[in-house]
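# Breakdown of the fold
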Amino acid sequence: MIRTRGLRSAGAAVRLWFSPARVREEGVTPDYRFSLANERTFLAWLRTGLALVGGGFAVDQFLPRLHEELRLTFTVVLLVGGALCALRAVNHWVRCERAMRHGEDLPVSRFPSALALGVGLLAVAMVVLVLLGRTG
């Protein structure tokens, strides 16, 4: 029962991604500056996702002498990270917009910390490979 309810609420949240007009029907319209700031944050997350996707393609194309499995791992991690950023962007935009309209605290997330840790670890791994002369 609880699992079904969770799936239903997740489905409802995803439907809001594609119908922002329904979000506008909820609560009270916030100061437009907050909505615009929320939109700028959304666009920043999209830029981050695009940068990760670009990095994934760059690793795949420009490091041909890197060990095959390692190159594939880095590529997939970057591409998946980019996809997760894009999905996180729209989800966070909807959650923040709804919170502002209902006068609630903005939602918090561990995703930025996880993303920063992942990118940092990937960068350290790349530095080690460059220092060892394994990148080509």
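In the block above lies the structure referred to throughout.
None of the values given here were measured: they were computed from a predicted structure.

### Here's the deal with the overall build of the chain
- Of regular secondary structure, the chain possesses five helices and zero strands.
- The globule rule puts the C-alpha radius of gyration for 136 residues at 14 Å, and the 19 Å found for the chain is more than 25% above it.
- Along the three orthogonal principal directions, the C-alpha set of the chain runs to about 60 × 40 × 20 Å.
- Within the chain, buried positions represent 28% of all 136 residues.
- The contacts in the chain between residues at least 6 apart in sequence include a share of 70% that link residues at least 24 apart.
- When the accessible surface of the chain is totalled, it reaches about 9,400 Å², and 66% of it is carbon and sulfur.
- Looking at the chain, you have 17 positive and 10 negative side-chain charges, and the mean spots of the two groups are 3 Å apart.

### Regarding the packing of helix α3 (residues 32-62) against helix α5 (residues 111-131)
- At a closest axis distance of 14 Å, the pairing of α3 and α5 adopts a crossing angle of 25°. The pairing of α3 with α5 is recorded here as roughly parallel in orientation. Along this stretch, α3 crosses α5, giving a crossing that reads as left-handed. Facing α3, whose interface residues are W45, T48 and L52, α5 presents F111, P112, L115 and V119.
- The residue makeup of the contact of α3 with α5, split by class, is six nonpolar, one polar and no charged.

### Quick notes on the packing of aromatic side chains
- Tallying each qualifying case throughout the model produces one aromatic pair.
- A centroid spacing of 5.5 Å and a plane angle of 55° characterise the contact between W45 and F111, whose relative ring orientation is tilted. Here the residue W45 occupies a position in helix α3, and F111 occupies one in helix α5, the gap between them amounting to 66 residues. Here W45 and F111 have matching classes, each one buried.
- We note R88 situated over the ring of W45; from NZ or CZ to the ring centre the distance is 4.8 Å.

### Quick word on a nonpolar patch on the surface
- Together, L72, V76, V80, L84 and L87 make up an exposed nonpolar region whose accessible area comes to about 430 Å².
- On the secondary structure map, V80 appears in helix α4 (residues 68-101).

### Considerations on the nonpolar core
- Among the nonpolar cores identified, the biggest contains 13 residues, and W45, F74, C85 and L115 are the most heavily contacted of them.
- Elements with a minimum of two residues in this core: α3, α4 and α5.
- Leave out the neighbours within four places in its chain, and C85 touches W45, T48, G49, L52, F111 and L115.

What counts and how
Residues numbered from 1 in each chain as written. Predicted model: local features only at pLDDT ≥ 70, side-chain atom pairs only at ≥ 80, totals over all residues. Heavy atoms only, no water. Helix = DSSP H or I, 4+ residues; strand = E, 2+ residues; numbered from the N terminus. Rg over C-alpha atoms; globule rule 2.2 N^0.38 Å. Buried < 20%, exposed > 50% of the residue type's maximum accessible area, 1.4 Å probe, protein only. Contact = heavy atoms within 4.5 Å. Areas by Shrake-Rupley, 256 points an atom, 1.4 Å probe, with all protein chains shown as cover. Lys, Arg positive; Asp, Glu negative; His and termini not counted. Charge placed at Lys NZ, Arg CZ, Asp CG, Glu CD. Axes fitted to C-alpha atoms, helices over the stretch in contact; angles between N-to-C directions. Parallel < 35°, antiparallel > 145°, perpendicular 65-115°, else oblique. Left-handed = near helix turned anticlockwise from the far one by under 90°. Nonpolar A, V, L, I, M, F, W, Y, C, P; charged D, E, K, R; others polar. Phe/Tyr/Trp six-rings, centres within 6.5 Å; stacked < 30°, edge-to-face > 60°. Lys NZ or Arg CZ within 6 Å of the ring centre and 35° of its normal. Patch = residues over 30% accessible without salt bridge, like charges linked within 9 Å, V, L, I, M, F, W, Y side chains within 5 Å. Salt bridge = Lys/Arg side-chain N within 4 Å of Asp/Glu carboxyl O. Core = buried A, V, L, I, M, F, W, Y, C linked by side-chain atoms within 4.5 Å.

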